[in-house]
Amino acid sequence: MHNGNSIKLLTGNSNPELAQAVADHLGIHLVPCVVKKFSNGELNVSISESVRDEDVFILQTGCTDTTNDHLMELLILISACKTASARRITAVIPCYPYSRQDKKDQSRAPITAKLVANMIAVAGCDHLITMDLHASQIQGFFEVPVDNLYSEPLMIRYIKSEIPGWQDSIIVSPDAGGARRATMIADKLKVDFGLVNRSRDLRAGTDHGMKILVGDVKDKVVILVDDMIDTGSTLGMAARTLKDNGAAKVYALISHGLLAEADLAAVAALPIEQLVVTNTIPQTAKQQALAAADPSCSEKLVVIDVSQTIAESIRRTHNGESISILFNEIP
């Protein structure tokens, strides 16, 4: 425990709503910070409160429409706190940027997730808190401690309280990479597991569609589970494949709702009852845009709040308590 010092929570421009919610749960105020951009694109940071010998947490998410600016904001904030003699600096990154570039899957491909880890460490970060990493091996890219939080308990709670007929549902992963996540939720709920797979040739640029590899979805409530949605094309193909195979209803629960390249009108037209995402990425504007595109679908995009989970992980980190206990018991 860091005796004699307090939690100082800072944030940039990436997700101020989430940062304020976390501060409210902790019963503290956000340290006033001004992050502005000069006409040539350079960023400048001004921290209006002393952080000397304090336990500093900087909340800055990635994967928004200005990911690179927000990453630079994070690096500059870390460096500023380091030179201001903060005792410990923890980067709280609910959605880790460049997480999909986590391996060399073809010749001359960059492993950018590792580059981001190096930059964060060099800036002066002592500890990282993130949520639902796209690939768990990213934790090994860091030489400092990494705590990967999970939205799984929140999703299970939502399924039990908001999805009718979940007892006879099937949890489906839209690709093989998410099979482990889907099986964990299926096991906790004691329901069936399914897997659909998209067959495509990246070199030729051809897509051969989707097919169900595991599970029987006929006349069942299907719950699609994945860590990230961007364009929505994979989700759309998966939902249509499940419907074509007799699924009664389809719900989609996604950890990080990027929707950066998605046509929200196309999302509204998806054959799903609800698209449930967390607020690791700001969602208010997307909800408004979806309602504007189709007023009848105003409640189709549902947002689960993760601020309490992040706040509790910050409190436990500051007090030297276990974080894993937050995920040992699923409601």
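Criteria and thresholds
Residues numbered from 1 in each chain as written. Predicted model: local features only at pLDDT ≥ 70, side-chain atom pairs only at ≥ 80, totals over all residues. Heavy atoms only, no water. Helix = DSSP H or I, 4+ residues; strand = E, 2+ residues; numbered from the N terminus. Rg over C-alpha atoms; globule rule 2.2 N^0.38 Å. Buried < 20%, exposed > 50% of the residue type's maximum accessible area, 1.4 Å probe, protein only. Contact = heavy atoms within 4.5 Å. Areas by Shrake-Rupley, 256 points an atom, 1.4 Å probe, with all protein chains shown as cover. Lys, Arg positive; Asp, Glu negative; His and termini not counted. Charge placed at Lys NZ, Arg CZ, Asp CG, Glu CD. Salt bridge = Lys/Arg side-chain N within 4 Å of Asp/Glu carboxyl O. Phe/Tyr/Trp six-rings, centres within 6.5 Å; stacked < 30°, edge-to-face > 60°. Pairing = 2+ DSSP bridges. Axes fitted to C-alpha atoms, helices over the stretch in contact; angles between N-to-C directions.

So, on to the overall build of the protein. Tallying secondary structure elements over the protein gives nine helices and 14 strands in all. Relative to the globule expectation of 20 Å for 331 residues, the C-alpha radius of gyration of the protein, 21 Å, shows essentially globular dimensions. Viewed in the frame of its principal axes, the protein has a C-alpha envelope of about 60 × 45 × 40 Å. Counting only residues that meet the buried cut, the protein has 52% of its 331 residues in that class. Looking at the protein alone, contacts between residues at least 24 apart form 67% of all its contacts between residues at least 6 apart. As displayed, the protein has an accessible area near 15,100 Å², and 48% of this comes from carbon and sulfur atoms. For the protein, the separation between the mean place of its 31 positive charges and that of its 39 negative charges on side chains is 4 Å.

A complete count under the given rule lists 13 salt bridges for this structure. Arg-87 is paired through a salt bridge with Asp-53; the nearest N and O atoms lie 2.9 Å apart. Here Arg-87 is found in the loop between helix H2 (67–83) and strand S5 (88–93), whereas its partner Asp-53 is found in the loop between strand S3 (43–47) and strand S4 (55–59), with 34 residues between them in sequence. With a relative accessible area of 38%, Arg-87 lands in the partly exposed category. A salt bridge links Arg-316 to Glu-321; the nearest nitrogen and oxygen atoms lie 3.5 Å apart. The class for Glu-321 is partly exposed, based on a relative accessible area of 34%.

With that settled, consider the packing of aromatic side chains. Each aromatic ring pair is characterised by the separation of its centres together with the angle its planes make. Within this structure, the stated rule accounts for two aromatic pairs. Relative to Phe-142, the ring of Tyr-96 has its centre 6.0 Å away and its plane inclined at 75°; by these criteria the two rings are edge-to-face. With Tyr-96 in the loop between S5 and helix H3 (112–123) and Phe-142 in the loop between strand S6 (127–131) and strand S7 (146–149), the pair connects residues that are 46 residues apart, well separated along the chain. An angle of 90° between the planes, with centres 5.5 Å apart, marks the rings of Tyr-150 and Phe-327 as edge-to-face. Residue Tyr-150 is found in the loop between S7 and helix H4 (152–162), and its partner Phe-327 is found in the segment after helix H9 (307–319); the two are separated by 177 residues along the sequence. On the accessibility criterion, Phe-327 (15% relative accessible area) is buried.

Reading across from one edge, S1-S4-S5-S6-S7 is the order of the five strands in this open sheet, with parallel pairing throughout. The strands lining the two open edges of the sheet, one partner per strand, are strand S1 (7–11) and S7. If you compare each strand with its neighbour and ignore which way they point, the axes differ by 20° on average. Where S5 lies against S6, four bridges are found, and the strand directions are parallel. Note that in S6 the partner of Thr-90 across the bridge is His-127.

Our next topic: the side chain of Glu-54. One can find Glu-54 in the loop between S3 and S4. Buried charge without a salt bridge: Glu-54, with Lys-8 as the nearest opposite-charge side chain at an N-O distance of 4.5 Å.

This part covers unusual backbone geometry. The residue Ser-85 is not glycine, and still its phi comes out positive at about 70°. Mapped onto the elements of the fold, Ser-85 is located in the loop between H2 and S5. The phi angle at Tyr-98 is positive, at roughly 60°, despite the residue not being glycine. Structurally, the position occupied by Tyr-98 is in the loop between S5 and H3.

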